[in-house]
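The lines below spell out each chain.
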Amino acid sequence: MQMRTLGHSGLTVSALGLGCMGMSFAYGAPMERASAIRLLRYAVEAGVNFFDTAEAYGPFANEELLGEALAPLRDKVVIATKFGFRNGIAPALDSRPENIRAVTDAALKRLRTERIDLLYQHRVDPQVPMEDVAGTVKELIAAGKVGHFGLSEAGVASIRRAHAVQPVAALQSEYSLWWREPEHALLPLCEELGIGFVPFSPLGRGFLTGTIDANAPIAKEDFRAGLPRFSPEARQANQALVDLLGAVAAGLAATPAQVALAWLLAQKPWIVPIPGTTKSQRLQENIAAAAIQLAPDALQRIDEALAHIKVQGDRYPPQLAAAVDGG
């Protein structure tokens, strides 16, 4: 696995990380624990060293899972987690300094580690000045409990304010072939400030793999059932994007998922996607994408085709959309 550095932070990670949320949360029943531990340890053997979790994934269960699985491999991995919700439950926000400190101490215990390599604010809390948030994380870094500071789904103004107090190592936001909004302001800002970019849902929450068509059932326990973009009508309309990926993939002896990941990796050398999976064969497929280099003509073909495709459906329902920072 190739390695990448997140901006100017000096934090070096595998070119593809592993988003761990789905092992415990959001996509239906959690994985059987022993299977999840085997998958996490296999990921390390396969070259992945960057693991993403949060107190909210469960809540708490995902951090506990990673703690058990990765403790014997701690010196080989980079662990990122997040704070920012009241009692770890979205969407109620809480980034008060005292909560940040308490969440960090609790996460250290659950993760069975003495340091969190990358600590993100999960969502910007408009009730707490960003300077206070960044200053609190700065204190945690000075105390040796945290290695680097990150933000998730933060807007331009919030990022600048945070970065002025404590350099932001990474910004985590959704970015994929069906959500390219970060290209307008966030990616230029990251380049200006030397901030790494970590796309979550780089495979469109599974849609870009080509395995979820308009007729595919989505269990009511799966949070995608409540996302406008996953309505049958939206999936039918968005099939053109999957067909495009399939056509490009066929010429590369690759899969649509691999093309989607290779496209992200080709955008900037400081972009590190974190696709999630609960299956070893999908993990292998994703890892193989890091070796695919899309030629300029392939990238141009994708961009030209995308110009004629309008993705249908909002990515979040109103309640979740309200928690995304616009400033």
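Here, every reference points to the structure presented above.
Remember, predicted model here, so these are calculated numbers, not experimental data.

A. The pattern of salt bridges, seen in detail. Counted under the stated rule, the structure contains 19 salt bridges. For the salt bridge of E98 with R96, the shortest nitrogen-to-oxygen distance reads 3.0 Å. Residue class for R96 comes out partly exposed when judged on its relative accessible area of 39%. The network of salt bridges with shared partners includes E153, E174, R205 and R315.

B. Structural context of the packing of aromatic side chains. The tally for this structure, following the rule as stated, stands at seven aromatic pairs. Look at Y175 and F197: their rings are 5.8 Å apart centre to centre, the planes differ by 85°, and that puts the pair in the edge-to-face class. Taken as a pair, Y175 in the loop between β8 (168-174) and α6 (186-193) and F197 in strand β9 (residues 196-200) lie far apart in primary sequence, 22 residues in all. For the pair Y175 and F197, one class covers both residues: buried. Its end group placed over the ring of F230, R224 keeps NZ or CZ at 5.8 Å from the ring centre.

About the criteria used
- Residues numbered from 1 in each chain as written.
- Predicted model: local features only at pLDDT ≥ 70, side-chain atom pairs only at ≥ 80, totals over all residues.
- Heavy atoms only, no water.
- Salt bridge = Lys/Arg side-chain N within 4 Å of Asp/Glu carboxyl O.
- Buried < 20%, exposed > 50% of the residue type's maximum accessible area, 1.4 Å probe, protein only.
- Phe/Tyr/Trp six-rings, centres within 6.5 Å; stacked < 30°, edge-to-face > 60°.
- Helix = DSSP H or I, 4+ residues; strand = E, 2+ residues; numbered from the N terminus.
- Lys NZ or Arg CZ within 6 Å of the ring centre and 35° of its normal.

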